[in-house]
Amino acid sequence: MSSDHKFEGWVGEDASSAEGKMVWKDYEPKTWEETDVEIKITHCGVCGSDIHMLRSGWRQTPYPIVVGHEIVGIAVRVGSKASNGIKVGDTVGVGAQSDSCLNRDSQFACTECKEENENYCTRITGTYGSKFSNGDKSFGGYALYHRCPSHFVFKIPDGLAPEFAAPMLCAGVTVYSPLKHFGAGPGKRVGVVGVGGLGHFAVLFARALGAEEVVGISRRESKRQEALDLGCTDYIATAEDEGWEAKNARRFDIIISTVSSPKMPFADYLGMLRLEGILVQIGLPEGELPFRASSLTGARRRVAGSFIGSPREIREMLQLAVDKDIKPWVETRPMSEANQAIVDFEAGKPRFRYVLVN
């Protein structure tokens, strides 16, 4: 089964592309292998990572680049050695990871891949701006087609709309994974710093997992009603509620911080943790986050990180979304408007995720 699809998409050629200057052109996808799946893209979410990469915010980006790692579409070509039972015609998705070493059987097996933590493999391939084991470059979903290894392609369950599924594949699982791993279930009190694209998913999933209390934490009082409408049981406006640090001392078992600004009051957030509480930093600032060790020692607190989610966690999350009828707040926009969408995204306009539609 051959492919005559033309791979075209929004290409970032330099850092100015983050200003809405991506160019629509063709590019060469990874070389076809019989373990691959080829997808006709119908939907692709817009993620903050896309803008960071377009402007070389974290490191020098390997231009040219096609961003987008919240991909949903129709499988139009399936290799003879493809996994996950994917068939031509299935609605499928791809998140922020497209490959890992998957070495599970030899005496030198990868511990992370063997234990189904492929997202922590040291040879991870990102869905864009990265390289596969054969040396080919990875290109993302602001495009017409996507090709990648089948191990990281997921069937979208019946009952989950593609515009809802797409942003779950990165933003959703990025918060679902630590919430599940660190036990944000019945009886737990969860704080969510930043009620935005990532944070609103944290609220939805914390509630779905049965947390006793889910509190939105943001700077301005203007977001209170949105947070409550999402399902928050309370809200803290740190820029307007004087003494919020003392009022909420030792309140939470888990805090999920989605903020990517290095200017956040990190030490004050730590002070809101109960004995043995944990703060999971999900947002990735382009600067450092200073805090004193004494913020941790007084209550045996922990600071942790978490990175996207494993294939197992993605499948769990998608099924939970169906079972609990989770509906993220998304705005769909034509793929042709991708340049304007990233400009509007950076300006904080979406409530709370943009999804590009072919």
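In this convention, every chain numbers its residues from 1, walking through the sequence in written order. The model is predicted, so local features are restricted to residues of pLDDT at least 70 and side-chain atom pairs to those at 80 or more, both for listing and for counting; the totals for chains, interfaces and linings are taken over all residues. Only hydrogens and water are set aside when side-chain values are computed; all heavy atoms of the structure are taken into account.

Enquirer: Outline the environment of Val-195, listing residues and values.
Expert: For the purposes of this entry, the term helix denotes a DSSP run of H or I that reaches at least four residues, the term strand denotes a run of E that reaches at least two, and both are numbered from the N terminus. Checked against the element boundaries, Val-195 lands in the loop between strand S10 (189–193) and helix H4 (197–208). Sequence-wise, Val-195 and Cys-232 are 37 residues apart; in three dimensions their C-alpha atoms are separated by 9.9 Å. Beyond its immediate chain neighbours, meaning those up to four positions away, Val-195 contacts His-200, Gly-216, Ile-217, Lys-223, Ala-227, Leu-230, Tyr-235 and Phe-352. A contact between two residues is defined here by any heavy atoms of the two lying within 4.5 Å.

Enquirer: Give me the lowdown on the nonpolar core, citing residues and values where you can.
Expert: We call a set of buried Ala, Val, Leu, Ile, Met, Phe, Trp, Tyr and Cys residues a nonpolar core when their side-chain atoms join them within 4.5 Å. Only protein chains enter the accessibility calculation, which uses a 1.4 Å probe; a residue whose area is less than 20% of its type maximum is buried, one above 50% is exposed, and one in between is partly exposed. Formed by 47 residues in total, the largest nonpolar core has its most connected members in Met-168, Phe-205 and Leu-318. Secondary-structure elements contributing two or more residues to this core are helix H3 (162–181), S10, H4, helix H5 (224–230), strand S12 (234–237), strand S13 (252–257), strand S14 (273–281) and helix H9 (311–323). Ranked by the residues each element gives to this core, the list is headed by H3, at 10 residues. There are two domains that each give this core at least three residues, and those are domain 1 (8–170 + 309–357) and domain 2 (172–305). Aside from chain neighbours lying at most four places away, what touches Phe-205 is Met-168, Gly-172, Val-175, Tyr-176, Leu-179, Met-317, Leu-320 and Ile-326. If you look at the next biggest cluster of nonpolar residues, it comprises 38 residues, including Val-37, Cys-44, Tyr-63 and Phe-345. Start and end points for every domain follow an automatic or database-based domain assignment.

Enquirer: Explain the layout of surface pockets residue by residue, including any values.
Expert: If you add up the space inside the second largest pocket, you get close to 250 Å³. Taken together, 18 residues line the second largest pocket, and the ones lying closest to its centre are Asp-99, Ser-100, Cys-101, Leu-102 and Ser-133. Each residue receives one of three labels: charged for Asp, Glu, Lys and Arg, nonpolar for Ala, Val, Leu, Ile, Met, Phe, Trp, Tyr, Cys and Pro, and polar for the others, Gly being one of them. Each residue belonging to the lining of the second largest pocket can be placed in one class, and the counts come to 5 nonpolar, 8 polar and 5 charged. We place a 1 Å grid over just the protein atoms. Points where a 1.4 Å probe fits but has no way out form a cavity, open points with protein on both sides within 12 Å along at least 5 of 7 lines form a pocket, and any residue with an atom within 4 Å of a point lines it. Grid points are joined across faces, edges and corners, and a volume is the space filled by probe spheres set on the points.

Enquirer: Account for H3, with residues named and values stated.
Expert: Two axes enter the definition of the bend at a residue: one is fitted to the seven residues ending there, the other to the seven starting there, and the bend is the angle between them. Of all the bends in H3, the largest measures some 60° and sits at Met-168. H3 sits mainly inside the fold: 16 of its 20 residues count as buried.

Enquirer: Before we move on, can you summarise the packing of aromatic side chains with the specific residues and values?
Expert: Pairing of aromatic rings covers Phe, Tyr and the six-membered ring of Trp, with a centre-to-centre limit of 6.5 Å; geometry is then stacked below 30 degrees between planes, edge-to-face above 60, and tilted otherwise. Going through the model one piece at a time under the given rule, you end up with 8 aromatic pairs. Consider the rings of Phe-7 and Tyr-145, whose centres lie 6.0 Å apart with planes at 55°: the pair is tilted. With Phe-7 in the segment before strand S1 (8–11) and Tyr-145 in strand S8 (residues 145–149), the pair connects residues that are 138 residues apart, well separated along the chain. The burial state of Phe-7 is the same as that of Tyr-145; both residues are buried. Ring centres 5.4 Å apart and planes at 75° place the aromatic pair Trp-10 and Trp-24 in the edge-to-face group. Of this pair, Trp-10 sits in strand S1 while Trp-24 sits in strand S2 (residues 23–26), and the two are 14 residues apart along the sequence. Since its relative accessible area comes to 13%, Trp-10 is described here as buried. Each ring is checked for a lysine NZ or an arginine CZ that lies within 6 Å of its centre and within 35 degrees of its normal; such an atom marks a charge sitting over the ring. Over the face of the ring belonging to Trp-32 we find Arg-77, whose NZ or CZ atom lies 3.6 Å from the ring centre. Here the guanidinium or amino end of Arg-333 rests over the ring plane of Tyr-354, the centre of that ring lying 4.9 Å away.

The values reported here are purely geometric and, on their own, carry no functional implication.
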